[in-house]
2 protein chains.
Amino acid sequence: MFNALTDRVVRELKKIVGEKNVICDPEKKIDYSHDEFSLSDIAHEPDVVVKSNSTQEVSRILSLANEEKIPVTPRGGATGLCGGCVPASGGIVLSLERMNRIVEVDRYNQMIVAEAGVMLMDFYPRVEEEGLFFPPHPGDETAMIGGVIATNAGGARAVKYGVVRNYIRGLEVVLPSGAVINLGGKLMKSSTGYNLLHLMIGSEGTLGIITKATIQLLPSPQMSRSLIIPYENLKDAIDTVPELLAKKIMPLAVEFIPKDVIQITEKFLRKRWPSTLGSTYLLIICDASTEEQMDKLSEQVAAICMERNALDVFVADNPSKQQQVLEIRSKIYEAIKAHTLEILDIAVPRAEIAQHVKRVQEVSQEYKIWLPTFGHAADGNVHTHIMKAVYEDGHIVPLPEEDWKNKLENVRRELYRDCKERGGVISGEHGIGIVKKPYLSYVLDEESISLMRGIKRTFDPNNILNPGKIFDL
Amino acid sequence: MFNALTDRVVRELKKIVGEKNVICDPEKKIDYSHDEFSLSDIAHEPDVVVKSNSTQEVSRILSLANEEKIPVTPRGGATGLCGGCVPASGGIVLSLERMNRIVEVDRYNQMIVAEAGVMLMDFYPRVEEEGLFFPPHPGDETAMIGGVIATNAGGARAVKYGVVRNYIRGLEVVLPSGAVINLGGKLMKSSTGYNLLHLMIGSEGTLGIITKATIQLLPSPQMSRSLIIPYENLKDAIDTVPELLAKKIMPLAVEFIPKDVIQITEKFLRKRWPSTLGSTYLLIICDASTEEQMDKLSEQVAAICMERNALDVFVADNPSKQQQVLEIRSKIYEAIKAHTLEILDIAVPRAEIAQHVKRVQEVSQEYKIWLPTFGHAADGNVHTHIMKAVYEDGHIVPLPEEDWKNKLENVRRELYRDCKERGGVISGEHGIGIVKKPYLSYVLDEESISLMRGIKRTFDPNNILNPGKIFDL
């Protein structure tokens, strides 16, 4: 169905991007064969890696690949967790890493125009320099803007401010034909034809390659504060969330985290979490524009938590305490990574979280496998980690490979079934990629998937763009 | 390309929805031949009007029409302004007016599930009863939920809270085949396949018929207040907006309104606007959670306006004053309706409004036609009214028909050209329908329109759903 990459095509690619931006060396290509998904069986080497430096180059590369019927897999920071940027059919990996320019900061419209290869770690400081604020905060700051948009990344701050989708106003996209289209613009409103902008967001590089984005920013809130609230059990913790919202309190983030992973991360980082009480924590982050408002808000939150059986409330009321708490939260994944098989990304209605996590705990016991689960309590996005280990008396005990291999598939199915029953979806913010593809039909009806296939054929009739992702054609 | 409606099909339709919900009487059908667009030349009578009472009925109607190749035009409150619900090819008008049930209010998830035929005037009170808040507020409260979603309606409150799109979490949609699909759900996050939910929003009934929606609500802000600020000229008024935002003030709405239309509306309603100063007003609506915050915010806004050459600041600081001001604002359209040919709905980057309106004024002088222009200053959505009159010395002087007929088309083109040059779109919140179809290619490239056509063919291979809208196939 695809053609093999020929020397002639490689020569053409070198003409387009320059010799040194075409990588054929197998030693170097291996770096482009995987993302952050832990199992190596989904890895696949590209035939060639091409690093474009402009939209024009992307256009010429796609036009060539489309004519030659060679697959093209776009790649940003490769921080994905389900193989979205793995070149599953070989061919060309088109890395956007060199397209890392902030094109414009538009103070009047409060928008920023950035190329796809801008890393979040470079993006946030630039935004802050302007006294502005980009609310979404996906975990890994080496992620690049293009990938963040292609997966519709979320993060913890989605409770108050929503996901990446809400902030994307314009996209420059290269189609497989090489045509460059501009979707949206510096616009707050548009009802002008089908919304291709929103269709492109979250399409995982299968419909077009995002080369540039116009992103809405907000005035930055003056301050934020973190509260750490221990509970005897998860249900009490989760049940606090609707109480907060009913009392018109809209935190930036509400995370739930079990004590065991906190303790492991404390050891890993040699840092202290402010509480050892209970079995589960809520981490509530609020923002406000004055110290006075912040104090009042913290008091309200604390009072509501205590009414809902919280054991105590710790306030990280200075930047260094806050920093320490947020660092522990953000490094949990690293602390347990060596034993992690897969991070699930189920999103359920907020009201279903406690019951879904209860089911996770049952499955953990049934299958005798460690399934530490934490995530975004107020937006329903639950990250269950499937581990190649059990956790006993404060120790991680590895499982033999044949054991976890058997369990992995069963655990996925059990949890996706539960997700479906609760009206959930299998990905809240990571995307489908390769890893979740077999489970798409658990939560989407056949008609919807069939419409998606039709859309794919409309955009990419030769199926050269990131083939084998989301669904099979 | 379509088949004529036969007696047999009418009998089938009667079997589906019951005899009394099938309207063949020409006298009654005429009510279903138009929307709020003022020129009668786009009106078209349906062959039959069918009023469904359930998703199941909609499914059976579509399945029948698809098999028989008879066009189906869905219809809600018919408050549209560009012919979106006009059955341009005859066939069946499918009215959703009987599907007007609030299916569920989910307090835990803060969502409401409503059928497509629920009118906004019934929707808002139900939401408020729960102490909740649906931020978008399109002008006409006889609009129905389904149509509001199908056009991605906006309204004045979009500055702080965004458009309808931001609040739609789930849709039940019937496809031309009769298949019922469920998109999204009670979910805050999803990255699970292409976002068909967002594609459906704003698709103007051409891809599927929305029968039910799951809508996110917010805790209601405690109070709002309106400030009326007269300026000597439009530029000073518009230039105030970025100053407000730069100082981290995010109003609910910022409207700009010229004095002439205010004066006409005052006479029409026999009510008084609080100021006679200047030539242009800003109407700024703020919300806050305490009286104290509200006072502080009002003072800040007033100070910034005065710094930017405002002539005065009037605060509607009690509900009856606020009511009076908002009523005048909302009735402008009615006050000048008799002389209105068309309401444009151009959206430009916020920073371009003053220049765009300047161009409107030039065109008005050039063509000797009255073009009163007002709209949403902080979100860039400008409603220029093309009038069949001139406005001289405080009097409306009608133009002869042959005169305005010549001018209408030229004025549209001049303003859409200016819109394009400023990176704008021809519709911010009304949709394209029939009236704006000839101008779509002014702002969208041919590739984008071609992708939209491909999407249409995927969803509706027989082109039975609201044919002749947005673009021609």
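Colleague: Sorry, what's going on with the overall build of chain A here?
Modeller: When you go through chain A residue by residue, the secondary structure sums to 15 helices and 21 strands. A globule of 473 residues ought to have a C-alpha radius of gyration of about 23 Å, and chain A, at 23 Å, matches this closely. In terms of principal-axis extent, the alpha carbons of chain A reach across some 70 × 60 × 45 Å. Of all 473 residues assigned to chain A, the portion counted as buried reaches 62%. Considering only intrachain contacts with a sequence separation of at least 6, the fraction spanning at least 24 residues in chain A is 73%.

Colleague: Help me understand the confidence of the model for chain A in this model?
Modeller: Detailed conclusions should not be drawn from predicted coordinates in areas where pLDDT is low. Across chain A, the average pLDDT comes to 95, with 100% of residues at or above 70. ipTM for the predicted complex: 0.96, alongside a pTM of 0.97.

Colleague: What exactly am I supposed to notice about unusual backbone geometry here?
Modeller: Among all residues save glycine, negative phi is the norm, and among peptide bonds the norm is trans. All names here are of chain A. One non-glycine residue, Lys-248, lies in positive phi territory at about 65°. With respect to the helices and strands, the residue Lys-248 is situated in the loop between helix H8 (234–246) and strand E13 (253–258). A relative accessible area of 32% places Lys-248 in the partly exposed class. With a phi close to 75°, Asn-309 is a non-glycine residue in the positive phi region. In this fold, Asn-309 is placed in the loop between helix H10 (291–307) and strand E15 (314–316). On the basis of relative accessible area, Asn-309 is assigned to the partly exposed category, the value being 45%.

Colleague: Quick question: what am I supposed to make of the interface of chain B and chain A here?
Modeller: How big an interface is tends to be reported as the loss of accessible area on association of its parts. Contacts between the two partners involve 84 residues from chain B, matched on the other side by 84 residues from chain A. Where chain B abuts chain A, roughly 6,400 Å² becomes buried across the two surfaces, and 61% of that area is made up of carbon and sulfur atoms. Of all residues in chain B, Tyr108(B), Lys189(B) and Tyr194(B) bury the most surface against chain A, accounting for 16% of the area lost on that side. In this structure, Lys189(B) engages Asp379(A) in a salt bridge whose closest nitrogen and oxygen atoms are separated by 3.1 Å. If you look at where chain B meets chain A, you find 30 residue pairs in polar contact (both at pLDDT 80 or more). Elements represented by at least two residues in the side of chain B that touches chain A include exactly helix H6 (158–161), strand E9 (180–184), helix H7 (196–200), strand E11 (218–219), helix H8 (234–246), helix H10 (291–307), helix H14 (440–443) and helix H15 (446–459) of chain B. Here the side of chain B that touches chain A takes nine residues from H15(B), the largest share from any one element.

Colleague: Any chance you could explain the relation of the copies chain B and chain A here in plain terms?
Modeller: One copy of the chain maps onto the second through a rotation about an axis and a displacement along it. The two copies are related by a screw motion: chain B maps onto chain A through a turn of 180° and a shift of 0.0 Å along the axis, at an RMSD of 0.0 Å. What the rotation and shift describe, once combined, is the action of a two-fold rotation axis. When the interface residues of chain B are mapped onto chain A, 100% of them again lie at the interface, so the same face is used by both copies.

Colleague: Quick question: what am I supposed to make of the environment of Val17(B) here?
Modeller: All names here are of chain B. When you line up the elements, Val-17 lands in helix H1 (residues 7–17). The class of Val-17 is buried, set by a relative accessible area of 6%. Put simply, Val-17 and Arg-60 are 43 residues apart on the chain and 9.5 Å apart in space, counted from C-alpha to C-alpha. Contacts of Val-17, omitting those with residues within four sequence positions, involve Val-22, Val-50, Lys-51, Ser-52, Glu-57, Ile-61 and Arg-98.

Colleague: Quick question: what am I supposed to make of the sheet that holds strand E2 (residues 48–51) of chain B here?
Modeller: Pairing between the strands of a sheet is mediated by backbone hydrogen bonds and can be parallel or antiparallel. Residues and elements named next belong to chain B. In space, the four strands of this open sheet follow the order E1-E2-E4-E3, with mixed pairing throughout. The open sheet terminates on both sides in strands that have one partner only, identified here as strand E1 (22–23) and strand E3 (72–75). Bridge count for E2 against strand E4 (residues 92–95) is four bridges, and the pairing is parallel. Bridged to Val-49 within E4 is Val-93.

Colleague: Can you walk me through helix H13 (residues 401–421) of chain B in this structure?
Modeller: Since there are 3.6 residues in each turn of an α-helix, residues three or four apart along the chain are aligned in direction. All names here are of chain B. With 21 residues, H13 extends 31 Å from end C-alpha to end C-alpha; this agrees with the ideal 30 Å at 1.5 Å per step. Its axis deflected by about 25° at Leu-408, H13 carries its strongest bend there. The set of residues buried in H13 consists of Trp-404, Lys-407, Leu-408, Val-411, Arg-412, Glu-414, Leu-415, Tyr-416, Asp-418 and Cys-419. Packing partners of the buried residues in H13 comprise strand E16 (340–343), strand E17 (346–347), helix H12 (353–367), strand E19 (381–387) and H14.

Colleague: Hey, could you run me through the sheet that holds E9(B) in this one?
Modeller: All names here are of chain B. Spatially, E5-E6-E10-E8-E9 is the arrangement adopted by the five strands of the open sheet, whose pairing is antiparallel. The open sheet has two free edges, formed respectively by strand E5 (102–106) and E9, since each of these has just one partner strand. Sheet twist, expressed as the mean angle between neighbouring strand axes with direction ignored, is 10°. Judged from the six bridges that link them, strand E8 (residues 168–174) and strand E10 (residues 209–216) form a sheet pairing that is antiparallel. The partner of Gly-170 across the bridge, within E10, is Thr-214. Strand contacts of helix H3 (residues 55–68): E8, E9 and E10, with the helix running at about 50° to E8, the strand carrying the most contacts.

Colleague: Any chance you could explain the packing of aromatic side chains here in plain terms?
Modeller: The relative placement of two aromatic rings is captured by the distance of their centres and the angle of their planes. Tallied over the full model, the rule gives 22 aromatic pairs over all chains. Between Trp370(A) and Tyr391(A) the ring centres are 4.7 Å apart and the planes differ by 15°, which places this aromatic pair in the stacked class. Taken together, the residues span a long stretch of sequence, with Trp370(A) in the loop between helix H12 (353–367) and strand E18 (373–376) and Tyr391(A) in strand E20 (residues 389–392) at a distance of 21 residues. In this structure Trp370(A) comes out as buried when scored by relative accessible area, which is 6%. Among the residues examined, Tyr391(A) registers a relative accessible area of 22% and is labelled partly exposed. Between the aromatic rings of Phe471(A) and Tyr194(B), the centroid separation amounts to 5.5 Å while the plane-to-plane angle is 80°, which identifies the pairing as edge-to-face.

Colleague: How should H10(A) be read in this particular structure?
Modeller: Residues and elements named next belong to chain A. If you check H10, its first and last C-alpha atoms are 24 Å apart, about what 17 residues at 1.5 Å a residue would give, namely 24 Å. Three or more residues of H10 are buried, namely Met-294, Leu-297, Ser-298, Val-301, Ala-302, Ile-304 and Cys-305. Angularly, the buried residues of H10 cover 165° about the axis, an arc narrow enough to put them on a single face. In H10, the exposed positions that point more than 90 degrees away from the buried face belong to Glu-292, Glu-299 and Glu-307. Contacts made by the buried residues of H10 are with strand E12 (223–231), H8 and strand E14 (280–288). Looking at the residues trailing H10, positive phi occurs at Asn-309, about 75°.

Colleague: Honestly, the packing of H8(A) against H10(A) in this entry has me stumped. Any pointers?
Modeller: Angle between the axes and distance between the axes are the two parameters that describe a pair of packed helices. All names here are of chain A. Packing of H8 against H10 leaves a shortest axis separation of 9 Å and a crossing angle of 135°. Viewed along their axes, H8 and H10 adopt a mutual orientation that is oblique. Along this stretch, H8 crosses H10, giving a crossing that reads as right-handed. Packed against H8, whose contacting residues are Thr-240, Glu-243 and Leu-244, the element H10 presents Val-301, Ile-304 and Cys-305 at the interface.

Colleague: Got a minute to help me understand the pattern of salt bridges in this structure?
Modeller: Two side chains bearing opposite charge may form a pair once their charged atoms approach each other closely. Evaluation of the coordinates by the stated rule reveals 77 salt bridges over all chains. Two residues, Lys51(B) and Glu97(B), come together in a salt bridge whose shortest N-O distance is 3.7 Å. Of this pair, Lys51(B) sits in strand E2 while Glu97(B) sits in the loop between E4 and E5; the two residues are 46 residues apart in sequence, bridging distant segments of the chain. Among the charged side chains, a network of salt bridges with common partners joins Arg107(A), Arg126(A), Glu129(A) and Glu130(A).

Colleague: Hey, could you run me through the pairing of strand E13 (residues 253–258) of chain B in this one?
Modeller: For a regular strand, side chains alternate in direction, first toward one face of the sheet and then toward the other. Residue and element names in this part refer to chain B. Counting buried residues along E13, six of its six residues qualify, which places the element largely inside the surrounding structure. The alternating pattern of E13 places Ala-253, Glu-255 and Ile-257 and Val-254, Phe-256 and Pro-258 on opposite faces, both of which are buried. Strand direction decides the pairing type here: E13 and strand E18 (residues 373–376), joined by two bridges, are antiparallel. Looking at the pairing, Phe-256 lines up with Gly-375 of E18.

Colleague: Explain the packing of helix H15 (residues 446–459) of chain A against H15(B) to me, please; I cannot follow it from the model alone.
Modeller: The geometry of H15(A) relative to H15(B) is characterised by a closest axis approach of 9 Å and an angle of 150° between their N-to-C directions. Looking at the two axes, H15(A) sits roughly antiparallel to H15(B). When the axes of H15(A) and H15(B) are compared, the crossing they make is right-handed. Contact with H15(A), carried on its side by Leu451(A), Gly454(A), Ile455(A), Thr458(A) and Phe459(A), involves Leu451(B), Gly454(B), Ile455(B), Thr458(B) and Phe459(B) of H15(B) and no other residues of that element. Classifying every residue of the contact of H15(A) with H15(B) by side-chain character gives six nonpolar, four polar and no charged.

Colleague: Sorry if this is basic, but what is going on with the pairing of E10(B) here?
Modeller: Residues and elements named next belong to chain B. For E10, the tally of buried residues reaches seven of eight residues, placing the bulk of the element in the interior. Pairing analysis gives five bridges linking strand E6 (residues 111–115) to E10, with the strands arranged antiparallel. Looking at the pairing, Ile-112 lines up with Ile-215 of E10.

How each quantity is defined
Residues numbered from 1 in each chain as written. Chains lettered and ligands numbered in written order. Predicted model: local features only at pLDDT ≥ 70, side-chain atom pairs only at ≥ 80, totals over all residues. Heavy atoms only, no water. Helix = DSSP H or I, 4+ residues; strand = E, 2+ residues; numbered from the N terminus. Rg over C-alpha atoms; globule rule 2.2 N^0.38 Å. Buried < 20%, exposed > 50% of the residue type's maximum accessible area, 1.4 Å probe, protein only. Contact = heavy atoms within 4.5 Å. pLDDT = per-residue confidence, 0-100. Buried area = accessible area lost by both parts, 1.4 Å probe. Salt bridge = Lys/Arg side-chain N within 4 Å of Asp/Glu carboxyl O. Polar contact = N/O pair within 3.5 Å; in protein donor to acceptor, adjacent residues only side chain to side chain. Least-squares fit on C-alpha atoms with pLDDT ≥ 70 in both. Pairing = 2+ DSSP bridges. Expected span 1.5 Å × (residues − 1). Bend = angle between axes of the 7 residues up to and from the residue. Axes fitted to C-alpha atoms, helices over the stretch in contact; angles between N-to-C directions. Phe/Tyr/Trp six-rings, centres within 6.5 Å; stacked < 30°, edge-to-face > 60°. Arc of directions from axis to C-beta. Parallel < 35°, antiparallel > 145°, perpendicular 65-115°, else oblique. Left-handed = near helix turned anticlockwise from the far one by under 90°. Nonpolar A, V, L, I, M, F, W, Y, C, P; charged D, E, K, R; others polar.

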